[in-house]
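An overview of the molecular structure
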Protein chains: 2
Amino acid sequence: MSAYADSVQDLIDAFARLPGIGPKSAQRIAFHLLKAEPEESRNLASAVTAARERTRFCERCFNISEETLCSICVDPKRDSDLLCVVEEPRDVVAVERTLEFRGRYHVLGGAIDHLQGVGPEQLRIKELLARVGPEETREVVICTNPNLEGEATALYLNRVLDVPGLIVSQIASGLPVGGDLEYADELTLGRALTGRRLIQGEST
Amino acid sequence: MSAYADSVQDLIDAFARLPGIGPKSAQRIAFHLLKAEPEESRNLASAVTAARERTRFCERCFNISEETLCSICVDPKRDSDLLCVVEEPRDVVAVERTLEFRGRYHVLGGAIDHLQGVGPEQLRIKELLARVGPEETREVVICTNPNLEGEATALYLNRVLDVPGLIVSQIASGLPVGGDLEYADELTLGRALTGRRLIQGEST
């Protein structure tokens, strides 16, 4: 016999399936919802349903959107010749938060990961290549994650984006701001050295 | 302008209000739900709604139940003269998991916490006192949390449960199983010493 009523167990199970929530947290959330005002449960349930029903992928950049095209794609103030390539919609949000990028995006929907059966054909690379010419893209900024899969994807993109006159760049790897040389791992520190910037004098 | 579509922001906000979920986790869960099969969102939304609609408090012990009386209260195999007093329904689950307790429960609905405005009259103590006589309770086991509020509640319960012939006990505080003397805090170690058990010889 389970110690919970069936509907409580179902609720705990539903939360425990979400990423980053273990069985203990799921239990805590479930009891919180049962104790809180009924309105909180109603809000949560309707937020889940509404988000899923109202959103789709932007037809151009594959960001999450409530319309055919997302708010960034339709924004005329965005540089149309600058294209940032990211793995997931959440990465668009991360780049947007920096306030450093005023171009548009292209969301691949993942990274090349042969162990998980994700090759270039599973990603939206065809769609990226189809955009570069018609949108008169000047520069593609590759913003995949600085891990094995992201790097493999960046390498592959660099190869297929071999278009005359197109600049392909990749975000810098290095020490995080506020970080400490002493505690940096060798790979990151190595990258920081390779990617060093000239701050005085001229490069030869 | 928010970087998210409105319905996505609402979803993130709804999750961020849950206990133990910060803004980053809420965002991760939201994007997970948007990427997963629509069925997963539907399941979650209906689990939340169903649990809240189907459950109520057991009329006798105030545990969460789908019926008027909870499954423990109606179980004839339970010792009816042994009553375990806990703060919250989740504590019932914790005690049940030990498989060490075969009596019934009484859920107070919190602990005495004057700073938060919770006095004895906000807890289900009247209801506890009303049960002890009619149910011919032999022993009340106080299982409040071993913190300031739980201890205050235990002290108060011990005073009001001054019924002739009734045994009142409290769960032991001490070192956790698998713990280490060296790393135990002074209070816990002090409690473990005070509550030491006789393992040979006779107490005088």
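A brief look at the structure comes next. (Residues numbered from 1 in each chain as written. Chains lettered and ligands numbered in written order. Predicted model: local features only at pLDDT ≥ 70, side-chain atom pairs only at ≥ 80, totals over all residues. Heavy atoms only, no water.)

**Section: the interface of chain B and chain A**
Threshold: We call two residues in contact when some of their heavy atoms are within 4.5 Å. Buried area counts how much accessible surface, traced with a 1.4 Å probe, disappears from two parts once they are put together, with both parts' losses summed. For salt bridges, the criterion is a side-chain nitrogen of Lys or Arg within 4 Å of an Asp or Glu carboxyl oxygen. Throughout this description, a polar contact denotes any pair of N or O atoms lying within 3.5 Å of each other; where both atoms belong to protein, one of them has to be capable of donating a hydrogen while the other can accept it, and for residues adjacent in sequence the pair is counted only when both atoms sit in side chains. A run of H or I in DSSP counts as a helix once it spans at least four residues, and a run of E counts as a strand once it spans at least two, with each numbered from the N terminus. Each residue receives one of three labels: charged for Asp, Glu, Lys and Arg, nonpolar for Ala, Val, Leu, Ile, Met, Phe, Trp, Tyr, Cys and Pro, and polar for the others, Gly being one of them.
At the interface, 49 residues of chain B touch 49 residues of chain A. Around 4500 Å² of area is buried between chain B and chain A when both sides are counted, 68% of it from carbon and sulfur atoms. Interface area lost by chain B to chain A is led by Pro19, Val48 and Arg52 of chain B, which between them contribute 14%. Along the contact surface separating chain B from chain A lie 2 salt bridges. Residue glutamate 88 of chain A pairs with lysine 35 of chain B through a salt bridge whose shortest N-O separation is 2.7 Å. Linking chain B with chain A are 10 residue pairs in polar contact (both at pLDDT 80 or more). By residue number, the principal contributor to the side of chain B that touches chain A is helix α3 (residues 38-54) of chain B, which donates 12 residues. Residues belonging to the side of chain B that touches chain A are distributed by class as follows: 26 nonpolar, 9 polar and 14 charged.

**With respect to the nonpolar core**
Keep this limit in mind: Residue types Ala, Val, Leu, Ile, Met, Phe, Trp, Tyr and Cys, when buried and joined through side-chain atoms within 4.5 Å, form a set referred to as a nonpolar core. Exposure categories follow from relative accessible area, calculated using a 1.4 Å probe and restricted to protein chains: below 20% of the type maximum is buried, above 50% is exposed, and the middle band is partly exposed.
Counting residues in hydrophobic clusters, the biggest one holds 44 residues, and the most contacted among them are Phe15 and Leu44 of chain A together with Phe15 and Leu44 of chain B. Secondary structure elements with two or more residues in this core: α1 (6-16), α2 (23-35) and α3 (38-54) of chain A together with α1 (6-16), α2 (23-35) and α3 of chain B. When near neighbours in sequence (up to four residues on either side) are disregarded, leucine 44 of chain A contacts Phe15 and Leu33 of chain A together with Ala14, Phe15, Leu18 and Val48 of chain B.

**Section: the sheet that holds strand β4 (residues 104-107) of chain B**
Within a sheet, adjacent strands bond to each other through the backbone by hydrogen bonds, running parallel or antiparallel. Residues and elements named next belong to chain B. Our working definition: Pairing between strands is defined by DSSP: at least two bridges between the two strands are required. Every axis corresponds to a line fitted to the C-alpha atoms, with the helix fit spanning only the stretch in contact, and the corresponding angles, defined between N-to-C directions, vary from 0 to 180 degrees.
With parallel pairing, 4 strands are arranged side by side in an open sheet as β4-β3-β5-β6. Lying at the two open borders of the sheet, with one neighbouring strand each, are β4 and β6 (167-170). Here the strands of the sheet are splayed against their neighbours by 25 degrees on average, with no regard to which way each runs. Docked against the sheet, helix α4 (residues 89-98) engages β3 (82-86) and β4, running at close to 155 degrees with respect to β4. Packing of helix α5 (residues 125-132) onto the sheet brings it into contact with β3, β4 and β5 (139-142), and relative to β4 it is tilted by some 150 degrees.

**Regarding the packing of aromatic side chains**
Let me state the cut-off plainly: Each Phe, Tyr or Trp ring (for Trp, its six-membered ring) is paired with any other whose centre lies within 6.5 Å, and the angle between the two planes then decides the class: stacked below 30 degrees, edge-to-face above 60, tilted in between. Definition used: whenever NZ (Lys) or CZ (Arg) falls within 6 Å of the ring centre and also within 35 degrees of the ring normal, the charge is taken to sit over that ring.
Enumeration according to the criterion identifies 3 aromatic pairs over all chains in this entry. Between phenylalanine 15 of chain A and phenylalanine 15 of chain B, the aromatic rings sit 6.5 Å apart at their centres with planes inclined by 80 degrees, giving edge-to-face as the arrangement. On the criterion of chain membership, the pair formed by phenylalanine 15 of chain A in helix α1 and phenylalanine 15 of chain B in helix α1 is interchain, its members lying in two chains. The pair phenylalanine 15 of chain A / phenylalanine 15 of chain B is uniform in exposure class, with both members buried. Lying over the aromatic face of phenylalanine 57 of chain A, arginine 124 of chain A brings its terminal NZ or CZ to 4.8 Å of the ring centre.

**Thoughts on the sheet that holds strand β3 (residues 82-86) of chain A**
All names here are of chain A. Strand order across the open sheet formed by 4 strands is β4-β3-β5-β6, with parallel pairing between neighbours. Two strands lie at the open edges of the sheet, namely β4 (104-107) and β6 (167-170), each paired on one side alone. Geometrically, the sheet is characterised by an average inter-axis angle of 25 degrees between neighbouring strands, direction not taken into account. Alignment of β3 against strand β5 (residues 139-142), held across 4 bridges, turns out to be parallel. Note on β5: the bridge partner recorded for valine 85 is isoleucine 142. Against the sheet, helix α4 (residues 89-98) makes contact with β3 and β4, and its axis sits at roughly 155 degrees relative to β4, the strand it touches most.

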